[in-house]
Amino acid sequence: MTSVKQVQITFDCAQPERVARFWCEVLGYVVPPPPEGFATWDDYTRSLPPEKQDAGFVCGDPTGAGPRMYFQRVPEGKVAKNRVHLDVRVGTGLVGEERLAALEAECARLVALGAVRDRVLLADEENESCINMRDIEGNEFCLD
């Protein structure tokens, strides 16, 4: 039996580059260099047939530890809650008010980038506090 060595997270979206650049800011990811033979991603995009232009974009963890993220253009908009979402782990190891303060600070940073705050789920007997949010195209994610 083989084991999976890598995983890629794929987002369906209307504007792949815009959403990818948002997630680069959220996660500290980077856009890789354009394909060989092209000085910029714009040069590469212009070389494609019109129907393929702006159809996808990619970003990744500069350390190589995190998963690659791929953003693909789809014709339909988001109409229902995500079945899978990202938990952005900003409060790991923190509890109580210290955790909530870290979550709130990151929430403020992401709202300035275009994210939308949905609600705060306060700690209970089983779970620590988290903040439910949406990215710039309405995809749900949590600050955890």
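Every chain begins its residue count from 1, and numbering advances along the sequence as written. Predicted model: local features are reported for residues with pLDDT of at least 70 only, side-chain atom pairs are reported and counted for 80 or more only, and whole-chain, interface and lining totals are derived from all residues. Excluded from the side-chain calculations are hydrogens and water; all other atoms, namely the structure's heavy atoms, are used.

Caption draft 1: Fine view of the packing of helix α1 (residues 16-27) against helix α3 (residues 96-112). Relative orientation of the contacting elements α1 and α3 amounts to 155°, with a least axis distance of 11 Å. Put simply, α1 runs roughly antiparallel to α3. The hand of the α1/α3 crossing is right-handed. Contacts between α1 and α3 involve Phe22, Glu25 and Val26 from the former and Glu106, Arg109 and Leu110 from the latter. A class-by-class count of the residues in the contact of α1 with α3 yields three nonpolar, no polar and three charged. Lines fitted to the C-alpha atoms define the axes, with helices restricted to the stretch that makes contact. Angles between their N-to-C directions range from 0 to 180 degrees. Labels follow the DSSP assignment, with helices taken as runs of H or I lasting at least four residues and strands as runs of E lasting at least two, numbered in each case from the N terminus. Under this scheme an angle from 65 to 115 degrees is roughly perpendicular, one under 35 degrees roughly parallel, and one over 145 degrees roughly antiparallel; angles in between are oblique. Crossing handedness follows the turn of the near helix against the far one: under a right angle anticlockwise gives a left-handed crossing, and clockwise gives a right-handed one. Note on contacts: a residue pair is in contact if any heavy atoms of the two residues lie within 4.5 Å. Residues are grouped as follows: Ala, Val, Leu, Ile, Met, Phe, Trp, Tyr, Cys and Pro are nonpolar; Asp, Glu, Lys and Arg are charged; all remaining types, including Gly, are polar.

Caption draft 2: Molecular detail of the sheet that holds strand β6 (residues 130-134). At least two DSSP bridges between two strands are required for those strands to pair. Read across the open sheet, the four strands follow the order β4-β7-β6-β5; overall the sheet is mixed. The strands lining the two open edges of the sheet, one partner per strand, are β4 (86-88) and β5 (116-121). Going across the sheet, the axis of each strand differs from the next one's by a mean of 25°, ignoring polarity. In terms of strand pairing, β6 meets strand β7 (residues 140-143) through four bridges, oriented antiparallel. Following the sheet pairing, Met133 is matched in β7 by Phe141. Together, β5, β6 and β7 form the strand contacts of α3, whose direction differs from that of β6 by roughly 10°.

Caption draft 3: Main features of the side chain of Glu140. Residue placement: Glu140 occurs in strand β7. Among the polar contacts made by the side chain of Glu140, one reaches the main-chain amide nitrogen of Asn82 at a distance of 2.9 Å. Any N or O atom pair separated by 3.5 Å or less is treated as a polar contact, with the protein-specific requirement of one donor-capable and one acceptor-capable atom, and with residues adjacent in sequence counted only for side-chain atom pairs. A polar contact of 2.9 Å, which involves the side chain of Glu140, links it to the side chain of Arg134. Every residue in contact with Glu140, bar those within four places of it in the chain, is listed here: Lys78, Lys81, Asn82, His85, Leu86, Met133 and Arg134.

Caption draft 4: Spotlight on the layout of surface pockets. Here the largest pocket is characterised by a volume of approximately 470 Å³. Space inside and on the surface of the protein is sampled on a 1 Å grid over the protein atoms alone, with a cavity defined as a set of points where a 1.4 Å probe fits but cannot get out and a pocket as an open set with protein on both sides within 12 Å along at least 5 of 7 lines; lining residues have an atom within 4 Å of a point. As for the largest pocket, its lining consists of 23 residues, and the residues nearest its centre are Phe11, Asp12, Lys78, Asn82 and Asn139. For the lining of the largest pocket, the elements supplying multiple residues, two or more each, are β1 (8-13) and β7. Ranked by residues supplied to the lining of the largest pocket, first place goes to β1 with five residues. Broken down by class, the residue content of the lining of the largest pocket amounts to 11 nonpolar, five polar and seven charged. Considering the residues around the second largest pocket, the lining is formed by 16 residues, among which Tyr44, Leu48, Ala55, Gly56 and Phe57 are closest to the centre. Elements with a contribution of two residues or more to the lining of the second largest pocket: α1, α2 (41-46), β2 (56-59) and β3 (68-73). Grid points are joined across faces, edges and corners, and a volume is the space filled by probe spheres set on the points.

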